[in-house]
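Per-entry structural report
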Amino acid sequence: MARTATPTDLVITPRNRRFKGTPGRSRWWMGGDAIATAWHNALSITFPAGETFFIESVRRFQKSVPEELAFQIKDFARQEAFHTREHNAFNQRVMDDGYDVSDALATVEESLALAREGHPVAQLSITVSLEHFTAIFAHLALKDVSLYADTDRESQRMWLWHAIEEVEHKSVAFDTYAHIMRDVKPLKRWGIRCAVFARVSRDFVFKRWRESLALLAQDGITGVSARARLAWYLWGRPGVLRRVLPAWLAYFQPGFHPWQIDDRHLIAETEARLDLAEPIAAE
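What you see is a predicted model, and the numbers here were worked out from it, not measured in a lab.

Thresholds, definitions, all that
Residues numbered from 1 in each chain as written. Predicted model: local features only at pLDDT ≥ 70, side-chain atom pairs only at ≥ 80, totals over all residues. Heavy atoms only, no water. Salt bridge = Lys/Arg side-chain N within 4 Å of Asp/Glu carboxyl O. Helix = DSSP H or I, 4+ residues; strand = E, 2+ residues; numbered from the N terminus. Buried < 20%, exposed > 50% of the residue type's maximum accessible area, 1.4 Å probe, protein only. Axes fitted to C-alpha atoms, helices over the stretch in contact; angles between N-to-C directions. Parallel < 35°, antiparallel > 145°, perpendicular 65-115°, else oblique. Left-handed = near helix turned anticlockwise from the far one by under 90°. Contact = heavy atoms within 4.5 Å. Nonpolar A, V, L, I, M, F, W, Y, C, P; charged D, E, K, R; others polar. Polar contact = N/O pair within 3.5 Å; in protein donor to acceptor, adjacent residues only side chain to side chain. Core = buried A, V, L, I, M, F, W, Y, C linked by side-chain atoms within 4.5 Å. Phe/Tyr/Trp six-rings, centres within 6.5 Å; stacked < 30°, edge-to-face > 60°. Lys NZ or Arg CZ within 6 Å of the ring centre and 35° of its normal. Patch = residues over 30% accessible without salt bridge, like charges linked within 9 Å, V, L, I, M, F, W, Y side chains within 5 Å. Areas by Shrake-Rupley, 256 points an atom, 1.4 Å probe, with all protein chains shown as cover. Arc of directions from axis to C-beta.

With that settled, the discussion passes to the pattern of salt bridges. Close approach of charged atoms allows side chains of opposite charge to pair. Under the definition given, this model contains 15 salt bridges. In this structure, aspartate 9 and arginine 264 form a salt bridge, with 3.1 Å as the shortest nitrogen-oxygen distance. One end of the pair, aspartate 9, is in the segment before α1 (34–59); the other, arginine 264, is in helix α10 (residues 264–274), and 255 residues separate them in sequence. On the accessibility criterion, aspartate 9 (52% relative accessible area) is exposed. Measuring nitrogen to oxygen at the nearest pair gives 2.9 Å for the salt bridge that ties aspartate 144 to arginine 243.

Here we take up the packing of α1 against helix α7 (residues 186–217). With their axes 8 Å apart at the nearest point, α1 and α7 run at an angle of 125° to one another. On the basis of the axis angle, α1 is oblique to α7. Both α1 and α7 take part in a crossing whose hand is right-handed. In this structure, α1 uses Ala34, Ile35, Ala38, Trp39, Asn41, Ala42, Leu43, Ile45 and Thr46 to contact α7, whose residues at the interface are Phe204, Arg208, Trp209, Glu211, Ser212, Leu215 and Leu216. Looking at the contact of α1 with α7, its residues break down into 11 nonpolar, three polar and two charged.

Attention now moves to the side chain of glutamate 165. With respect to the element layout, glutamate 165 can be found in helix α5 (residues 153–168). Classification of glutamate 165 by relative accessible area gives buried; the value is 0%. A polar contact of 2.8 Å, which involves the side chain of glutamate 165, links it to the backbone nitrogen of arginine 15. Apart from residues no more than four positions distant in its own chain, glutamate 165 is found in contact with Thr13, Pro14, Arg15, Gln79 and His83.

Moving on, we get to the nonpolar core. By size, the foremost hydrophobic cluster in this structure holds 82 residues, and its most contacted members are Trp39, Leu142, Trp159 and Tyr233. With 13 residues, the top contributor of residues to this core is α1. If we ignore the near neighbours within four places in the chain, the residues touching tyrosine 233 are Met30, Ile35, Ala36, Trp39, His40, Pro238, Gly239 and Val240.

Where helix α4 (residues 120–143) contacts α5, the axes come no closer than 8 Å and their chain directions differ by 125°. By the angle between their directions, the pair α4 and α5 is classed as oblique. For α4 against α5, the interelement crossing comes out left-handed. In this structure, α4 uses Glu131, Thr134, Ala135, Ala138, His139, Ala141 and Leu142 to contact α5, whose residues at the interface are Leu160, Ala163, Ile164, Glu166 and Val167. For the contact of α4 with α5, a count of residues per class yields eight nonpolar, two polar and two charged.

On to the packing of aromatic side chains, then. This structure, assessed with the given rule, holds 17 aromatic pairs. Ring geometry for tryptophan 29 against tryptophan 159: centres 5.9 Å apart, planes inclined by 20°, an arrangement best described as stacked. In this pair, tryptophan 29 is assigned in the segment before α1 and tryptophan 159 in helix α5, connecting sequence segments 130 residues apart. For the pair tryptophan 29 and tryptophan 159, a shared accessibility class is recorded, and that class is buried. Through a chain of ring-to-ring contacts, three or more aromatic side chains come together here, namely Phe133, Phe137, Phe174, Phe197, Phe204, Trp248, Tyr251, Phe252 and Phe256. A cation sits over an aromatic face here: arginine 27 above tyrosine 99, 3.8 Å from the ring centre. Lying over the aromatic face of phenylalanine 204, arginine 208 brings its terminal NZ or CZ to 5.0 Å of the ring centre.

Judged by side-chain polarity, Trp235, Leu245 and Leu249 come together as a nonpolar surface patch covering roughly 290 Å² of accessible area. As for its position among the elements, tryptophan 235 is in helix α8 (residues 223–236). Under the relative-accessibility criterion, tryptophan 235 is labelled partly exposed at 45%.

Take the environment of alanine 250 next. Summarising the element assignment, alanine 250 is placed in helix α9 (residues 245–250). Distance in space between the C-alpha atoms of alanine 250 and glutamine 260 is 9.6 Å, their sequence separation being 10 residues. The residues touching alanine 250, leaving out its near neighbours within four places in the chain, are Phe256 and Gln260.

With that settled, consider α10. All buried positions along α10 are accounted for by Leu266, Ile267, Thr270, Glu271 and Leu274. On an axial view of α10, the arc spanned by its buried residues comes to 130°, and they lie on one face. The elements touched by buried residues of α10 are α4 and α5. One or two steps after α10, the chain reaches aspartate 275, where phi turns positive at roughly 55°.

As structure tokens, then:
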């Protein structure tokens, strides 16, 4: 039977890891693949500002939720703060590789400025939607060891560390939203959640597509060739969008909950494989 609530034994562990650049790392750090590199660079560019927004939108309700969830919010915020720091460092390495990401950064800031004009619950609903996006991509990253197999070790460890923690805290924003909206009629609550997710999904994919193409253009990869190769990466092989489509669709189920698939075993397997379970570094 599918889960309808967060596991009672869930542990959210903020892992204060720092990842260095690999000397001699290729500009196309995803195994020499320009397309995969552009897509991941476009994702990383969004993370620092985006995760700051996530922290703001969830912590705003920390005093209004049950004690256990409040503790989870605290650990969620710490995880996201570490992600922000490490992706800022990673993005600097992307810029050091010669990429101009100023337009992409401006797009993210503009989008978040607009989101912050909305009601706090509306901001939370956006976070819930984007947290599902990150969780389903994270699940794929942990499940398919081939995705980062040809990546330099530090980049691989950083992205999979991030994926581990996205899986771990995938229900925090969702449970916060469910609690805050508990007095709203279920059908209305479901309709709002699905409408926001559909809009956020469209905007997220379109903007990352556009930013990936802009990064590819800086490598001289343009036109039909760039679009076709990027589409194949996303929908053909490895098909990172195609393969998360079932999990994306699951969000529209009236009884959906992020933990209806318990994938914590992937966390343990990945920690062991990449030595990510060492003691937390001093802050």
